[in-house]
Amino acid sequence: MQGEGSSPRAAPEAAVPFSGTVTIFFSDIRGFTDYTEEFGDEAASRIVHEQDIIIRSQIEAYGGVVVKTQGDSFMVAFSAARGAILCAIAIQRIVAQGNRDQAGPRIAIGIGINTGEPIRQEDGDYIGGTVNLASRICAAAGSGQILVSESTRYVAGRIELRRSDGGVVEYVDLGLHELKGFPEAKRLFEVSWRPAVVGEQRVSAEAPSADEEGQQALKAAVQKANSVLARVLSVVHLDDPAFPALLECQAKATELRLAFTRAGADRRGLTAREVQDHLVPFENLLILTVERDTLTDERWAQLDGAVARVFGRQLVNAIARGRHSTTTAVVAPEKPPPAPAPVEAPREQPKEPEPFQGGRPSVSVSLAPPPLDQRGAGVSWWAAAYAAWSQWKPSGLAWAHALREEIRRYPFLLSVPLRASGDLDDGRLAGGYFLLLEHVENQSPGFIRTILDRAIGEVGMESRSLGSKLYQLLVDGGRLRDTYPAFVRDVIQVAVPTPGMWADAGLVERDDATVLMSRPHGVVGDPQEESVQLTEPHDRSAERRFLVTTQPLTTRFFYVTAGKLNTARDVDLRLTSEDRPSDRAWYLTVRDSLSVRSDPKLVPLSGVPLPGLGRHHFGVWVAVFNPDPEDVVTYELSVSVKRLGQSSPAASMFSRPGGPAR
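Residues numbered from 1 in each chain as written. Predicted model: local features only at pLDDT ≥ 70, side-chain atom pairs only at ≥ 80, totals over all residues. Heavy atoms only, no water.

Participant: Explanation requested: the sheet that holds strand β16 (residues 554-562) in the structure shown.
Facilitator: Within a sheet, neighbouring strands are paired by backbone hydrogen bonds and run either parallel or antiparallel to one another. Taken in spatial order, the 7 strands make up an open sheet running β14-β13-β12-β16-β22-β19-β20, and their pairing is mixed. In this open sheet, the two edge strands, each paired with only one partner strand, are β14 (530-534) and β20 (601-602). Two strands pair when backbone bridges link them, and strand β12 (residues 505-509) and strand β13 (residues 514-518) are joined in this way by 5 bridges, in the antiparallel orientation. Following the sheet pairing, E509 is matched in β13 by T514. In the packing of helix α18 (residues 480-495) onto the sheet, contacts are made with β16, β19 (585-590) and β22 (619-626), and the angle to β22 comes to roughly 155 degrees. (Pairing = 2+ DSSP bridges. Helix = DSSP H or I, 4+ residues; strand = E, 2+ residues; numbered from the N terminus. Contact = heavy atoms within 4.5 Å. Axes fitted to C-alpha atoms, helices over the stretch in contact; angles between N-to-C directions.)

Participant: Where do I start with helix α11 (residues 313-320) in this structure?
Facilitator: Helical geometry: 3.6 residues make up each α-helical turn, so side chains three or four residues apart lie on a common side. Listed as buried for α11 are L315, V316, A318 and I319. Within α11, the buried residues cover an arc of 160 degrees as seen down the axis, which keeps them to one side. The positive-phi residue at the C-terminal boundary of α11 is G322, with phi of around 75 degrees. (Buried < 20%, exposed > 50% of the residue type's maximum accessible area, 1.4 Å probe, protein only. Arc of directions from axis to C-beta.)

Participant: Help me understand the environment of T634, please; the structure alone is not making it clear to me.
Facilitator: Here T634 lies in strand β23 (residues 633-643). As for T634 and T576, which are separated by 58 residues in sequence, their C-alpha atoms are 8.8 Å apart. Other than its neighbours up to four places away in sequence, T634 contacts L547, V548, T549, T576, S577 and E578. For T634, the side chain forms a polar contact with the side chain of T549, separated by 3.2 Å. (Polar contact = N/O pair within 3.5 Å; in protein donor to acceptor, adjacent residues only side chain to side chain.)

Participant: Is there a simple way to think about helix α17 (residues 463-476) in this case?
Facilitator: Taking 1.5 Å of rise per residue, the 14 residues of α17 would be expected to cover 20 Å, and the 20 Å separating its terminal C-alpha atoms lies within 8% of that figure. Those residues of α17 that fall on the buried side of the exposure criterion are L466, G467, K469, L470, Y471, L473, L474 and V475. Packed against the buried residues of α17 are α12 (380-392), α15 (434-443), α16 (447-459) and α18. The opening residue of α17, the one whose side-chain oxygen lies 3.1 Å from the backbone nitrogen of R464, is E462. (Expected span 1.5 Å × (residues − 1).)

Participant: Looking at this structure, I do not really get the nonpolar core. What am I missing?
Facilitator: In a soluble, globular protein the nonpolar side chains are often hidden away together inside. Ranked by size, the top nonpolar core spans 66 residues in total, and within it W381, W382, I448, L470, L474, V488 and W621 carry the most contacts. If one sorts the elements of this core by residue count, α18 sits on top with 8 residues. Look past the residues within four positions of W382 in its chain and what remains in contact with it is L372, G376, L437, I448, I451, L452 and L470. Counting residues in each nonpolar core, the second largest holds 34 residues, with A221, V235, A308 and I319 among its members. (Core = buried A, V, L, I, M, F, W, Y, C linked by side-chain atoms within 4.5 Å.)

Participant: What should I look at first to understand the environment of V608 in this one?
Facilitator: Here V608 shows up in strand β21 (residues 608-613). Separated by 34 residues in sequence, V608 and R574 place their C-alpha atoms 6.6 Å apart. What V608 contacts, discounting residues up to four positions off in sequence, is V571, D572, L573, Y587 and V603.

Participant: What am I meant to see in the pattern of salt bridges here?
Facilitator: One side chain can pair with another of opposite charge once the charged atoms of both are near each other. Inspection of the entire model under this criterion finds 30 salt bridges. In this structure, R580 engages E578 in a salt bridge whose closest nitrogen and oxygen atoms are separated by 3.2 Å. E578 gets classed as exposed once you look at its relative accessible area, which sits at 60%. A cluster of three or more residues bridged by salt bridges with shared partners is formed by E150, D173, R187, E248 and R404. (Salt bridge = Lys/Arg side-chain N within 4 Å of Asp/Glu carboxyl O.)

Participant: Where do I start with the packing of aromatic side chains in this structure?
Facilitator: Both the distance between ring centres and the angle between the ring planes are used here to describe each pair of aromatic rings. For the structure shown, the criterion picks out 12 aromatic pairs. Ring centres of W392 and F434 lie 5.6 Å apart, and the angle between their planes is 35 degrees; this geometry places the pair in the tilted category. Residue W392 is found in helix α12, and its partner F434 is found in helix α15; the two are separated by 42 residues along the sequence. One exposure class covers both W392 and F434, and it is buried. Here a set of aromatic residues connected by ring pairs shows up, and it is made of W381, W382, Y386 and W389. Over the face of the ring belonging to F189 we find R153, whose NZ or CZ atom lies 5.9 Å from the ring centre. (Phe/Tyr/Trp six-rings, centres within 6.5 Å; stacked < 30°, edge-to-face > 60°. Lys NZ or Arg CZ within 6 Å of the ring centre and 35° of its normal.)

Participant: For this particular structure, what's the right way to read the sheet that holds strand β4 (residues 109-116)?
Facilitator: Taking strand neighbours across the sheet as the criterion, the 7 strands line up as β2-β3-β1-β4-β7-β9-β8 in an open arrangement whose pairing is mixed. Looking at strand neighbours, the two that pair on one side only are β2 (64-70) and β8 (170-177), the edges of this open sheet. Strand-to-strand twist of the sheet, defined as the mean angle between neighbouring strand axes without regard to direction, takes the value 25 degrees. Direction of pairing for β2 relative to strand β3 (residues 73-78): antiparallel, over a ladder of 6 bridges. Directly across from Q70, in β3, lies its bridge partner S73. Taken strand by strand, helix α4 (residues 129-140) contacts β1 (22-29), β3, β4, β7 (146-149) and β9 (186-192), and its axis lies near 155 degrees from that of β4.

Here is the structure:
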């Protein structure tokens, strides 16, 4: 949980008492069995010997310790995540150079790295989830590839290399992957170290014309890549506008487009071959999506596995069920405003006709909305939100990426009423509500483009009346009255726990104490926190009741996280309003201390127990929402954290309400 005033002061830690933080490194020769079958045992033995020399020399140079070897595989422990990554880069660079100089059979190594707190045995071996994940990551790595877990990526941080070696290590987000033995998908990053840069620069110094040819090739590759990635951004999910696997894929496509654009102007950037290599998974994805019904079984199987390894099995399953589609824009200049692009019908038609509820229209194929109509400029919240929406639509920036950026700037955005948002930060905060306009546009395509004309036609252009009418049309015609909870779900599904939301209150549970965080002034967005440390068992396990007054169409956030916690806890949640049970809150659990989280669920009227804090999950977020467009609603969120089997005592002096928000 990050962002100013939105989270505990320290990131929650995994509670494993058996060792300190260790980075586990696995390497494996790719295709070794097939190589042995083709070239024989003697050649295979030579390959293993060559790998052994390369890897052991680099492990020693970068401070690693060989834990064990098995056949063509190495398991190594590093005290520093950076050392493991630099070691992996050195190994792959040496292998790549050797392969360029060798005409016969070549070595191909895959490397997987994970950082955590494994259990160390007396013989020096390591066991546990950290080791298992590192092994699975290695299995997912392709030839010449270095894959790292999210924990390794963030522990290692930015790594500078010599300019002759490429300058900076880059991490390419490969999205969520389903790995054998792990119930939750894991986010993987590829380490980009540009292995051909040294050779290319040497040739360039001797033959400038070759450098010019390389730049032309890079320019052409970038143009092709941007075209392909724009088509990826045109893919929509026919049922879920915030389908996580697709959003992750499109966020990655957006980041690559920006990187490729920079590379086109940077002589020390990517090469044309590297651009093409990064593009292959997206090309495969498009082939699966567009040619789904015409692919042979053999070709489907090839693409299925390749796409699933990069983007995850959920995305491929959705394509197989016909739930993904692409659209093509058709310009009709004599019929303004243009109608939304037609959507390809799914393979399986519903039994009864239903209105289209698909994912967001593609920014690459939808006609850009007209700029802000100055007739609506007097309504500050509308003007800021619409201007931001019309600028974002043609930008090529994926919805998930744009959402995270807005929440990073204004983590309290959803806690501010739409009609009051134009009064904050010179109206800039209201610009973040382009997310809400996009939600409405998804529900009713074309609605946002026509709403101002409708409002002016009904009440005229006086600012106060026009603002009230625009709001009323969004609520009724735009269906916000019914779909606001879904909007909140879509936002938190992408933004929690990273970058995280501004929270009214939170609990950090440690072995020795419970830390209660609250806002002393109760003002939305106030970064000031007040914390109380509880050490008495009676106070720590008491039920805490947080009273929160929500404005129309707003959401307030609470959290419970595990600090240094060796013994798991049970968390119980219950929501009431006017002394009656309520289900107007989403909750989701954070599966590890960085970013992997469960899908949001509504808090049942009877409440919900969440066992295993510190063991099965490391945090819980609660989003209490008010879907009423006019009335203020007060809720009471009850939270208790206790040891397994322990009952909650009556509320103690420290379980006072969080206080009504102003």
